[in-house]
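Structural description and commentary
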Amino acid sequence: MQSLNPPWGSIDKSIVRIAAPPGRGLVHHRSSPSRLSVKCVDSANAGGTPHEWQSCCAILASKVTSLQQDSKNHYTGVAGVASVNDDKTLELVPVNGARAGAKSSLALPKPLSLANFSATPVHGSQLRVAYRGVPGAYSETAAGKAYPKCEAIPCDQFEIAFQAVEHYIADRAVIPVENSHGGSIHRNYDLLLRHRLPIVGEVQLPVHHCLVALPGVRIEHLTRIISHPQALSQCENTLTKLGLKAAREAFEDTAGAAEYIATNNLRDTAAIASSRAAELYGLQILANGIQDDSSNFTRFVVLSREPIIPRSDRPFKTSIAFAQEKGTNTLFKVLSSFAFRNINLMKIESRPHRYLPVKVADGGAKHFEYMFYVDFEASMAEERAQNAMAEVQEFTYFLRVLGSYPMDMTPWKPANAIEES
């Protein structure tokens, strides 16, 4: 949460001398941004009548009361939303309570940053779920799908969402790992290895993009469209069909682009974001469902401090990471460990080893060392999965089970059908 200075603009910053009876007077000045002082001074030449002096005192007293009230309101937040630094619980602002104009975005919870970890959080019965972005982000929607009654906590970085769980500021974190159109989000795969937070669930969320702008803005007057690079690429064909020649500009996230337009009152710029983001930031939807592929999905994983107990009475997925031993057919042996036990591999991803990027082979040739990520359809409660892991360990020098968790079995619907229902 960012600290805000109290609004002192209503009082003149310079010293103001008020007329008083001969020999006495009042001086109002500001010694610091948080203190208002009033003192008596001698003034032989102040002039004025006693009635004028009493009126000035009354005016000054009313300004003191007003400043104290404004400062109190400013620090406690708008609409009851308080900061994490004050050890108060963040409240997710509902859509029905969204602002009608850009300025009321102060009512929304601000993303966590590293500065927020200095305070001890208040623990309650409501589950707290961290996500990367601002209110209205798709990750917030994924958090609500995983835990419908949760308290969603925005974070300004993926790293902060991981740390929020580690520091007990949040109970869970919802992190995107892959998109059916854009592929894997490699940054988060690296963070899964850096932080020892087990995966305890997954969420598959259909992507439904909207072109949003300030009320009254016409689509033909747009000169710029801002959004996350993935969202821009996922809507490129549709934007071309709409005849838009506006420049495309990358932004850190979709909901953040909508907030930026509302906050800065940009009337020549539109954002690609969700319909919820449009409601939260008082924007109109110029075009609905502009994603090129209606079957576009993003897969999120749910992280916790403790793993869940695997079960075998429902479909489970297990995610692992390993680095193989030297050998030309080692990867084949690893994959055969699953094939011989009839375990379906759902995903295999290779990333250059972060700490051992290259190795020198015979003849001085350099080759990349890789870390492999594998998702397979089985629970660690099953004997076949346990035996497969035991065999994989024989061919690897590093092996970690990232999590064994229930699969998201939500019936598939196109994004347009979900938005209309």
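How each quantity is defined
Residues numbered from 1 in each chain as written. Predicted model: local features only at pLDDT ≥ 70, side-chain atom pairs only at ≥ 80, totals over all residues. Heavy atoms only, no water. pLDDT = per-residue confidence, 0-100. Contact = heavy atoms within 4.5 Å. Buried < 20%, exposed > 50% of the residue type's maximum accessible area, 1.4 Å probe, protein only. Helix = DSSP H or I, 4+ residues; strand = E, 2+ residues; numbered from the N terminus. Pairing = 2+ DSSP bridges. Salt bridge = Lys/Arg side-chain N within 4 Å of Asp/Glu carboxyl O. Axes fitted to C-alpha atoms, helices over the stretch in contact; angles between N-to-C directions. Core = buried A, V, L, I, M, F, W, Y, C linked by side-chain atoms within 4.5 Å. Polar contact = N/O pair within 3.5 Å; in protein donor to acceptor, adjacent residues only side chain to side chain. 1 Å grid on protein atoms, 1.4 Å probe; cavity = no way out; pocket = protein on both sides within 12 Å on 5 of 7 lines; lining within 4 Å. Points joined across faces, edges and corners; volume = space filled by probe spheres on them. Parallel < 35°, antiparallel > 145°, perpendicular 65-115°, else oblique. Nonpolar A, V, L, I, M, F, W, Y, C, P; charged D, E, K, R; others polar.

**A closer look at the confidence of the model for the protein chain**
With 65% of its residues at a pLDDT of 70 or more, the protein chain shows a mean pLDDT of 77. The low-confidence segment residues 71-103 (pLDDT under 50) makes 68 contacts with residues lying over four places distant or belonging to another chain. Note on residues 417-421: pLDDT under 50 across the span, and four contacts to partners over four residues away in sequence or across chains.

**Notes on the pairing of strand E6 (residues 172-179)**
In summary, the side chains of a regular strand alternate between the two faces of the sheet. In terms of burial, E6 is largely enclosed, as six of its eight residues are buried. Alignment of strand E4 (residues 128-132) against E6, held across three bridges, turns out to be parallel. Within the sheet, the bridge partner assigned to Tyr131 lies in E6 and is Val174. Of the strand pairs in this sheet, E6 and strand E14 (residues 297-303) are connected by six bridges, and their pairing is antiparallel. Counterpart to Glu178 in the pairing with E14 is Arg299.

**Concerning the pattern of salt bridges**
In the structure shown here, the tally under the stated rule is 21 salt bridges. With a shortest N-O distance of 4.0 Å, Arg132 and Glu252 are connected by a salt bridge. You can see Arg132 sitting in strand E4 and its partner Glu252 sitting in the loop between strand E11 (247-250) and helix H7 (254-264), a full 120 residues away along the chain. Residue Arg132 is classed as buried on the basis of its relative accessible area of 16%. A relative accessible area of 52% means that Glu252 is categorised as exposed. A salt bridge links Arg351 to Asp190; the shortest N-O distance between them is 2.7 Å.

**Section: the sheet that holds strand E13 (residues 284-288)**
Here five strands make up an open sheet; going across it, the order is E11-E10-E12-E9-E13 and the pairing mixed. With partners counted over all chains shown, the strands left at the sheet margins are E11 and E13, one partner each. Going across the sheet, the axis of each strand differs from the next one's by a mean of 30 degrees, ignoring polarity. As judged from the four bridges shared by strand E10 (residues 224-227) and E11, these two strands associate in the parallel manner. Bridge pairing in E11 links Ile226 to Glu249.

**Observations concerning the nonpolar core**
Leu211, Val212, Ile225, Ile272, Tyr281 and Leu283 are the most contacted members of the largest nonpolar core, which has 38 residues in total. Where this core is concerned, the elements lending two or more residues are strand E9 (210-213), E10, helix H5 (229-234), H7, strand E12 (269-273) and helix H8 (275-280). With residues near it in sequence (within four places) discarded, Leu211 still touches Ile219, Leu222, Ile225, Leu244, Ala270, Ala271, Ile272, Gln284, Ile285, Leu286, Ala287 and Ile290.

**A word on the environment of Ser227**
By the element assignment, Ser227 lies in strand E10. For the pair Ser227 and Ala270, spaced 43 residues apart in sequence, the C-alpha separation works out to 8.8 Å. If near-sequence neighbours (up to four positions away) are discounted, Ser227 is found in contact with Leu232, Glu249, Ala250, Phe251, Thr254, Ala257 and Ile272. Polar side-chain contacts of Ser227 include one of 2.7 Å to the backbone oxygen of Ile272.

**Observations concerning helix H3 (residues 158-166)**
With respect to burial, H3 is a largely interior element, seven of its nine residues being buried. Buried residues of H3: Glu159, Ile160, Ala161, Phe162, Gln163, Ala164 and Val165, and no others. Where H3 terminates, the next one or two residues include Tyr168, which has phi positive at roughly 65 degrees.

**Quick look at empty space enclosed by the protein**
Within the structure shown, the criterion is met by one cavity of 30 Å³ or more. Estimates place the volume of the largest cavity at around 60 Å³. Along the walls of the largest cavity sit Val177, Tyr189, Leu192, Ile199, Arg299, Val301, Ser319, Tyr373, Asp375, Leu402 and Tyr405, which together make up its complete lining. Those elements that place two or more of their residues in the lining of the largest cavity are helix H4 (186-194), E14, strand E19 (370-377) and strand E20 (396-406).

**Overview of the packing of helix H9 (residues 330-339) against helix H10 (residues 383-394)**
It is at 9 Å that the axes of H9 and H10 come closest, and there the two elements cross at 170 degrees. With respect to H10, the axis of H9 lies roughly antiparallel. Every residue of H10 that contacts H9 at Val334, Ser337 and Phe338 is listed here: Ala388, Met389, Glu391 and Val392. Taken together, the residues of the contact of H9 with H10 break down into five nonpolar, one polar and one charged.

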